[in-house]
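What the coordinates show
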Amino acid sequence: MFDFQINAHCSHTRARVGCFRTPHGSVNTPRFMPVGTLATVKGITATQLADTGAQMVLANTYHLHLQPGEGIVADAGGLHRFMGWDRPLLTDSGGFQIFSLADLNRIDDHGVVFRNPRNGSQIELTPERAIEIQMALGADVAMAFDQCPPYPASESDVEAACKRTHAWLERCSNTHQHANQALFGIVQGGCFPHLREQSAQIVASFDLPGIAIGGVSVGEPVEDIHRIVRQVSPLLPQDRPRYLMGIGTLREIAIAVASGIDLFDCVLPTRLGRHGTALVAGERWNLRNARFREDHTPLDQSCTCTACRHHSRAYLHHLIRNEELLGLTLLSLHNLTQLIRFTSAISQAIQDDCFSEDFAPWQPDSAAHHTW
């Protein structure tokens with residue numbers, strides 16, 4: 001049920017155009033994937049989400065296990081029906097919460113015990129349990145349970161996290177039984193090249209339908225992210241989708257694509273939108289600023305989103321200044337559309353062989369300007 005076909009290569013970089021087929025449709029890569037942690041991309045309906053050009057959406061195992069519980073989702077017919085999204089879905093395993101909820105958990109080789117932030121109760125998440133929950137949720141792609149170490153961390157701590165991640169991957173693989181759901185492994189290793197290389201080789205040896213690079217964007221300098229991606233991507237199987245977790249800025253996406261990465265996700269576009277910030281031509285605009293008060297032009301003349309087609313900067317400024325929910329929704333829709341447009345433009349530029357590492361299609365002097 002799963003297949004990944006590469007349709008075009010850049011002649012100057014490792015960038016490629018592909019198509020990842022899943023039971024709920026195809027995902028054209030490179031592609032940005034919106035994050036819908038609790039079975040919702042905050043403030044946006046499934047219909048609005050489809051209008052952004054989104055093809056695959058993320059949800060989170062840990063959070064859905066807490067509320068409403070995977071049993072309720074399964075009784076509803078699975079995550080697709082529960083949230084009204086009939087396109088591909090990916091569920092993160094909860095491994096990132098080992099990092100983000102470090103003060104609420106206790107880790108050992110068996111698994112992780114979390115303190116429920118809602119009521120203080122204890123929740124145990126093991127590789128087996130993480131996979132069982134994801135099978136009940138029924139997303140197209142399930143992520144292996146991994147340990148994401150913080151930054152900075154000592155080499156010995158990162159090495160221990162890698163060993164645990166690899167042991168947990170074997171347990172995830174042994175537990176996973178759904179033929180209509182792909183299991184992706186995750187490469188860890190922090191900022192240590194030899195640990196990254198070792199992890200990439202071990203995770204690739206499981207011969208899974210796809211592989212992610214995890215443990216980045218956790219506080220390390222952005223140059224380290226670039227270095228890790230450039231090192232790890234060529235070590236992964238050529239014929240499988242490569243997913244860089246937690247990256248959502250244009251420059252970092254472009255550089256990662258140049259290294260051969262196919263899929264991206266990040267909460268950034270909707271988080272910025274909920275705080276009144278719009279992504280425009282690679283910049284961040286605070287719509288609360290007075291300079292927009294009497295500006296009756298579209299936010300971005302080239303953008304196809306609802307905010308840009310039907311509303312002015314002055315109207316968006318008015319909504320944000322008055323804390324109207326519509327303003328937050330419109331900016332979130334715009335920001336998602338920007339990142340999805342960007343990855344679509346990269347795809348076209350690769351096919352036209354005018355992609356470069358400093359790819360910036362909105363600039364008139366860019367060789368890829370026509371793709372935007």
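In this report, we go over the structure that sits alongside the text. (Residues numbered from 1 in each chain as written. Predicted model: local features only at pLDDT ≥ 70, side-chain atom pairs only at ≥ 80, totals over all residues. Heavy atoms only, no water.)

A word on the overall build of the chain. For the chain, the helix and strand inventory stands at 14 helices and 16 strands. Against the compact-globule benchmark of 21 Å for 372 residues, the chain has a radius of gyration of 20 Å, which places it among compact chains. C-alpha atoms of the chain, sized along the principal axes, occupy 60 × 50 × 40 Å. Expressed as a percentage of the 372 residues in the chain, the buried residues total 56%. When contacts within the chain are restricted to residue pairs at least 6 apart in sequence, long-range pairs at least 24 apart make up 64% of them. Here the chain has roughly 15,300 Å² of accessible surface; of this, 47% comes from carbon and sulfur atoms. Of the side-chain charges in the chain, 30 are positive and 38 negative, and the distance between the mean point of each set is 5 Å. (Helix = DSSP H or I, 4+ residues; strand = E, 2+ residues; numbered from the N terminus. Rg over C-alpha atoms; globule rule 2.2 N^0.38 Å. Buried < 20%, exposed > 50% of the residue type's maximum accessible area, 1.4 Å probe, protein only. Contact = heavy atoms within 4.5 Å. Areas by Shrake-Rupley, 256 points an atom, 1.4 Å probe, with all protein chains shown as cover. Lys, Arg positive; Asp, Glu negative; His and termini not counted. Charge placed at Lys NZ, Arg CZ, Asp CG, Glu CD.)

What follows covers the nonpolar core. L244, I253, F264, F355 and F359 are the most contacted members of the largest nonpolar core, which has 79 residues in total. Counting residues per element, this core draws most heavily on helix α14 (residues 325–351), at nine residues. Once residues within four sequence positions are removed from consideration, F359 is found in contact with A254, F342, A345, I346, A349, A368 and T371. Membership of the second largest hydrophobic core comes to 16 residues, among which are F4, L90, F184 and I186. (Core = buried A, V, L, I, M, F, W, Y, C linked by side-chain atoms within 4.5 Å.)

For the rest of this paragraph, the subject is the packing of helix α6 (residues 127–137) against helix α7 (residues 155–175). Between α6 and α7, whose axes approach to 8 Å, the crossing angle comes to 40 degrees. Taken together, the axes of α6 and α7 are oblique relative to one another. α6 and α7 meet at a crossing whose hand is right-handed. Where α6 approaches α7, its residues P127, E128, I131, E132 and M135 are matched on the opposing element by W168, R171, C172 and T175. Residues that form the contact of α6 with α7 fall into these classes: five nonpolar, one polar and three charged. (Axes fitted to C-alpha atoms, helices over the stretch in contact; angles between N-to-C directions. Parallel < 35°, antiparallel > 145°, perpendicular 65-115°, else oblique. Left-handed = near helix turned anticlockwise from the far one by under 90°. Nonpolar A, V, L, I, M, F, W, Y, C, P; charged D, E, K, R; others polar.)

Once that is clear, we can look at the environment of E252. Relative to the helices and strands, E252 resides in helix α10 (residues 250–258). Through-space distance from the C-alpha of E252 to that of V222 is 8.2 Å; in sequence the pair is 30 residues apart. Look past the residues within four positions of E252 in its chain and what remains in contact with it is V222, H226 and I247. Only 3.3 Å separates the side chain of E252 from the side chain of R251, close enough to count as a polar contact. (Polar contact = N/O pair within 3.5 Å; in protein donor to acceptor, adjacent residues only side chain to side chain.)

What follows concerns the pairing of strand β8 (residues 112–115). Sheet topology places strand β7 (residues 105–107) next to β8; three bridges connect them, and they run antiparallel. Bridged to I107 within β8 is V112. Relative to strand β9 (residues 122–125), β8 runs antiparallel, the two sharing four bridges. Each bridged residue has a counterpart across the sheet, and for F114 the counterpart in β9 is I123. (Pairing = 2+ DSSP bridges.)

Once that is clear, we can look at the environment of T52. By the element assignment, T52 lies in the loop between α1 (46–51) and β5 (57–60). The exposure class assigned to T52 is buried, which follows from its relative accessible area of 7%. Separated by 197 residues in sequence, T52 and T249 have C-alpha atoms that sit 17 Å apart. Sequence-distant contacts of T52, that is, excluding residues within four places in its chain, are made with L333, L336, T337 and I340. Here the side chain of T52 touches L49 through a polar contact of 2.6 Å, landing on its backbone oxygen.

The strand order across the open sheet built from three strands is β1-β2-β3, with neighbouring strands paired in antiparallel fashion. The sheet terminates laterally at β1 (3–9) and β3 (25–29), the two strands that pair on one side only. For this sheet, the mean angle separating the axes of adjacent strands, direction not counted, is 15 degrees. With five bridges connecting them, strand β2 (residues 16–22) and β3 associate as antiparallel partners.

Turning to α6, its buried residues number three or more, namely P127, A130, I131, I133, Q134, M135 and L137. Following α6 by one or two positions, G138 adopts a phi angle in the positive range, close to 80 degrees.

Moving on to the sheet that holds β7. Spatially, three strands are ordered β7-β8-β9 in an open sheet, and the strand pairing comes out antiparallel. Since the sheet does not close on itself, it has two edges, and those belong to β7 and β9, each with one partner. Taken pair by pair, the neighbouring strands of this sheet meet at an average axis angle of 20 degrees, ignoring direction.

Take the environment of A50 next. Here A50 shows up in helix α1. Through-space distance from the C-alpha of A50 to that of G138 is 20 Å; in sequence the pair is 88 residues apart. Aside from chain neighbours lying at most four places away, what touches A50 is W85 and R87.

Of note, the amide linkage connecting T29 to P30 takes the cis form, showing an omega dihedral of 0 degrees. A cis amide bond, omega 10 degrees, links Q67 with the succeeding residue P68. As for its position among the elements, P68 is in the loop between α2 (61–66) and α3 (70–75). For D353, which is not glycine, the phi dihedral falls at a positive 55 degrees. Within the secondary structure layout, D353 lies in the segment after α14. A relative accessible area of 37% means that D353 is categorised as partly exposed.

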